[in-house]
Amino acid sequence: MDGDRVEIDGGIMEGGGQILRVSTALSCLLGLPLRVRRIRAGRSQPGLRPQHLSGLEIIRDLCEGKLEGGEIGSTEITFTPGKIKGGTHIADTKTAGSVCLLMQVAMPCVLFAASPSELHLKGGTNAEMAPQIDYTVMVFKPIVEKFNFTFNCDIKKRGYYPQGGGEVVVQMSPVKELSPINLTERGTVTKIYGRAFVAGALPIKLAKDMSAAAVRCIRKEIRDLYINIQPVREPDDQAVGTASGIIVVAETSTGCLLAGSSLGKRGKNSDKVGIEAAEILLRNLKHGGAVDDSLQDQLIIFMALANGVSRVKSGPITLHTQTAIHFAEQLTKAKFTVTKSEEEDPSQDTYIIECQGMGMINRNL
């Protein structure tokens, strides 16, 4: 197959690590040798960062593949996949690189392994520019399991910028195939809940302030709903470093979950952190979609692999989602269409993402 390497331009569209994650996961699943050039050409520091390299290494290890060009700063890699096997695998960014992004790249692959897998993912659990682990557990997990698989995510230790040091253990069993999903009925919001956390040297008062500010902000728009945002201080033996942040989730009558989250940083007032998360949630509720902006692109690879037609109603299509669709179509036989939703309410900016999945079958089972 060596003459038939799929060529991927890592500098187009979103131009970041996502292109690498989607294309290497699909390469591993489909047994397609791959060359990715101009890796992260759109970023201020182009080439592989520790987190991207860890992602590539776990994919390589999962399928006993061959990786060339796998070093920090490299702007071109070639990858030749082997057979996906289960078992225990470790990926360590050795930085605050996001464990959630490592999970994004590995998860589709281990679903089609020959036996159950246990992934030990080390790095940052609550990092900028990536979903927080709380989002992964509270929103991503229950929704993605609608594709007819389950996984267990055990947060052993939380790790924050700049040193990381967090560890999450993900256990999952392989499936024969993925079922398509239909997430088009938003329903009405029935409850709003969340957690505001502090860790390390920060006082619990900051978590209470974030929580209170988020509640005040949501109350201006949604008056008569019980809102429960728990302030938490992470136990010292379960967190490395000092950090703060908040996630607020809205659950609807049809089981949709939409969220807003924000992280504290030095010099950023804790009220502002709470308000930021609340405003992101309210924006996600306003567009009328059944998924929020952060979930949209994470569902694309599963829709592409599923056996049948998936339909998801979302707000405006993000560049990350457009990028995921582009590479999923380039590498699989899945076909996506995105149409403006014909809503009664013209103020709503909603779209239907429809995908005829390729119907990936796990030949190992």
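For clarity, every value in this text was computed on a predicted model and none was experimentally measured.

> For the sheet that holds strand β6 (residues 117-123), give the residues involved together with the corresponding values.
Spatially, β5-β6-β8-β7-β12 is the arrangement adopted by the five strands of the open sheet, whose pairing is mixed. The sheet is open, and its two edges are formed by β5 (87-92) and β12 (239-240), each paired on a single side. When strand β7 (residues 151-159) meets strand β8 (residues 166-172), the two strands line up antiparallel, connected through six bridges. Looking across to β8, one finds that I155 is bridged to V168. Packing against the sheet, helix α3 (residues 99-110) makes contact with β5, β6, β7 and β8, and its axis sits at approximately 160 degrees to β6.

> Residues and numbers for the pairing of strand β11 (residues 227-233), please.
With seven bridges connecting them, strand β10 (residues 189-199) and β11 associate as parallel partners. Looking at the pairing, V198 lines up with R233 of β11. Crossover β10 to β11 through helix α5 (residues 204-219) is right-handed.

> So what's going on with the packing of α5 against helix α6 (residues 270-286)? Which residues, and what values?
Running from amino to carboxyl end, α5 crosses α6 at an angle of 40 degrees, the nearest separation of the two axes being 7 Å. As summarised for this structure, α5 and α6 are arranged oblique, according to the angle between their axes. Pair α5 / α6 crosses with right-handed handedness. Residues L206, D209, M210, A213, A214, R216, C217 and I218 of α5 lie in contact with α6, whose contacting residues are S270, D271, V273, G274, I275, A278, E279, L281 and L282.

> Summarise the packing of helix α2 (residues 50-62) against α3; cite the residues concerned and give the values.
Contact geometry for α2 and α3: axes closest at 9 Å, N-to-C directions at 15 degrees. As summarised for this structure, α2 and α3 are arranged roughly parallel, according to the angle between their axes. The interaxial crossing formed by α2 with α3 has right-handed handedness. Two secondary-structure elements touch here, α2 through Q51, S54, G55, I58, I59 and L62 and α3 through L101, L102, V105, A106, C109 and V110. In terms of residue class, the contact of α2 with α3 is built from nine nonpolar, three polar and no charged.

> So what about the nonpolar core? Which residues, and what values?
Counting 108 residues, the largest nonpolar core has F147, F149, F151, L178, L299, F302 and F336 as the members making the most contacts within it. In terms of residues, this core owes the most to one element, α3, which gives nine residues. Taken together, domain 1 (6-183 + 291-358) and domain 2 (189-287) each give at least three residues to this core, which thus spans both. When near neighbours in sequence (up to four residues on either side) are disregarded, F302 contacts M107, P108, L111, F140, V144, F147, F149 and L178. By size, the runner-up hydrophobic cluster in this structure holds six residues, among which are Y160, A199, A239 and A243.

> Please set out the environment of T337 residue by residue, giving values where relevant.
Here T337 lies in strand β16 (residues 335-340). Between the alpha carbons of T337 and I352 there is a distance of 8.0 Å; along the sequence they are 15 residues apart. In contact with T337, other than residues within four places in its own chain, are I352, I353 and E354.

> I'd like a rundown of the sheet that holds β11, residues and numbers included.
Strand order in the open sheet formed by four strands is β11-β10-β13-β14, with mixed pairing between adjacent strands. Of all strands in the sheet, those bounded by a partner on one side alone are β11 and β14 (257-263). Each strand axis lies, on average, 15 degrees off the axis of its neighbour in the sheet, ignoring direction. Across 10 bridges, the pairing between β10 and strand β13 (residues 243-252) is antiparallel. The partner of I192 across the bridge, within β13, is A250.

Each value, and the rule that gives it
Residues numbered from 1 in each chain as written. Predicted model: local features only at pLDDT ≥ 70, side-chain atom pairs only at ≥ 80, totals over all residues. Heavy atoms only, no water. Pairing = 2+ DSSP bridges. Helix = DSSP H or I, 4+ residues; strand = E, 2+ residues; numbered from the N terminus. Contact = heavy atoms within 4.5 Å. Axes fitted to C-alpha atoms, helices over the stretch in contact; angles between N-to-C directions. Right-handed = clockwise from strand over helix to strand, strands pointing away. Parallel < 35°, antiparallel > 145°, perpendicular 65-115°, else oblique. Left-handed = near helix turned anticlockwise from the far one by under 90°. Nonpolar A, V, L, I, M, F, W, Y, C, P; charged D, E, K, R; others polar. Core = buried A, V, L, I, M, F, W, Y, C linked by side-chain atoms within 4.5 Å. Buried < 20%, exposed > 50% of the residue type's maximum accessible area, 1.4 Å probe, protein only. Domains from an automatic or database assignment.

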